[in-house]
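# Structural overview for review
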Amino acid sequence: MSTARATDPFAPAMPPRGRFLHVLNPLAKIAGPLPAIVAVLVVPGAALPAALTAGALLLVLAGARLSPRALLGLLVVLPLATAVLTLSFTFWSDAGRASVTPLVVQLGPLRLHEAALLAGGATALRLAAILLLSLIGGLSTTGPDLARSLVQQLRVPYRVGYTALAAYRFVPRFGHELDVIRQAHRVRGLTPGRGPVAAVRRRAGYLVPLLAGALRHAERIALAMDSRAFGAHRTRTERHLVPWRRRDTVFVLLCWLGTGAAIIVALKV
């Protein structure tokens, strides 16, 4: 444990070593892939989505700290989903236009032509590229850092940014309170039995104490914000800064240059 975390439990967690995406400004991880996402939607063909999918996947694997579940999703689930979507979009393609191209697969009445497969693959790759480009920031950015960067760099009113930050922190709070309620029910032996009806009754029994806890927590948050004069002034000082550094500018420019090069190569293919 670092000294900062030992003395200040509310200090931001230290980024993992060797994972450069975690030390970048959240806005840089949005501005960098944004032109690529737009290009995937407007540039025809499958070459650009394929190139951006491969580039985004390599960037996420090299720059983000991934859990085993995330690795499984990126390396196994995503390729399988792309293959399934390719076949699905192939069946939805225009059969009349595709029939003039060479036949690739025929299984009884099922006939898959080259144009239909290319169209289905291009559409599936577009979806995969958009997902992976979004995960560049999604897997390496926390909600609090994003809210702070919106306030500090884009000058979003702090009333909006920190209200969103407070709402974001409600989610883990509700998860903790739900675990406490479940444990309290087990200790008191409140088990309505087995089966789907019992499961519904058991979950319905969590709603009232969970709602009461949410109201108490919201009241405490409101009192804490009022006691600190939240909203009384146009600006507020920041406890945790999320600055825009030179490396953020370099990352954005490299992403834009890579996107431009990929567009040029894809249009020539």
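Below you will find a few notes about this structure. (Residues numbered from 1 in each chain as written. Predicted model: local features only at pLDDT ≥ 70, side-chain atom pairs only at ≥ 80, totals over all residues. Heavy atoms only, no water.)

## Brief notes about the nonpolar core
Most often, soluble globular proteins keep nonpolar side chains buried together rather than apart. The test is simple: We define the nonpolar core as a collection of buried residues of types Ala, Val, Leu, Ile, Met, Phe, Trp, Tyr and Cys that are connected through side-chain atoms lying within 4.5 Å of one another. Burial classification: accessible surface area is computed with a 1.4 Å probe over protein chains only, and a residue below 20% of its type maximum counts as buried, one above 50% as exposed, and the rest as partly exposed. In this text, helices come from DSSP runs of H or I with a minimum length of four residues, and strands from runs of E with a minimum of two, each type numbered from the N-terminal end. We call two residues contacting when some pair of their heavy atoms lies within 4.5 Å.
Counting residues in each nonpolar core, the largest one holds 26 residues, and the members touching the most others are Leu21, Leu48, Leu52, Val60, Leu133, Ile136 and Phe251. At the level of elements, helix H3 (34-42), helix H4 (47-63), helix H5 (68-92), helix H7 (114-138) and helix H12 (246-268) are the ones that each hand at least two residues to this core. The residues contacting Leu52, other than those within four sequence positions of it, are Ala36, Val40 and Ala262. Within the second largest apolar cluster, five residues are counted, among which are Ala147, Val151, Tyr158 and Tyr162.

## Digging into the side chain of Arg148
Assignment of secondary structure puts Arg148 in helix H8 (residues 143-152). Judged by relative accessible area, Arg148 falls into the buried class, the value being 8%. In contact with Arg148, other than residues within four places in its own chain, are Tyr162, Arg169, His240 and Val242.

## Considerations on a nonpolar patch on the surface
To keep things clear, this is the line we draw: Patch membership needs two things, relative accessible area over 30% and no salt bridge, and members are linked within 9 Å if like-charged or within 5 Å if nonpolar (Val, Leu, Ile, Met, Phe, Trp, Tyr). We get accessible surface area from the Shrake-Rupley algorithm with a probe of 1.4 Å; when it comes to residues, only the shown protein chains can shield them. The salt bridge criterion pairs a side-chain nitrogen of Lys or Arg with a carboxyl oxygen of Asp or Glu, the two atoms within 4 Å.
A contiguous nonpolar patch, built from Leu71, Leu72, Leu75, Val76, Val77 and Leu80 and spanning about 520 Å² of accessible area, is present on the exposed surface. The residue Leu80 is located in helix H5 in this model. For Leu80, a relative accessible area of 55% translates into the label exposed.

## Focus: H5
In plain terms, the rule: A helix is expected to reach a length of 1.5 Å times the quantity of its residues less one. By definition, a residue's bend is the angle between the axes fitted to the seven residues ending there and the seven starting there.
The end-to-end C-alpha separation of H5 is 35 Å, in line with the 36 Å expected for 25 residues at 1.5 Å each. Along H5, the largest kink reaches about 35° and is centred on Val77; proline Pro79 follows within four residues of it. Within H5, the full set of buried residues consists of Leu74, Leu78, Thr82, Thr86, Phe89 and Thr90.

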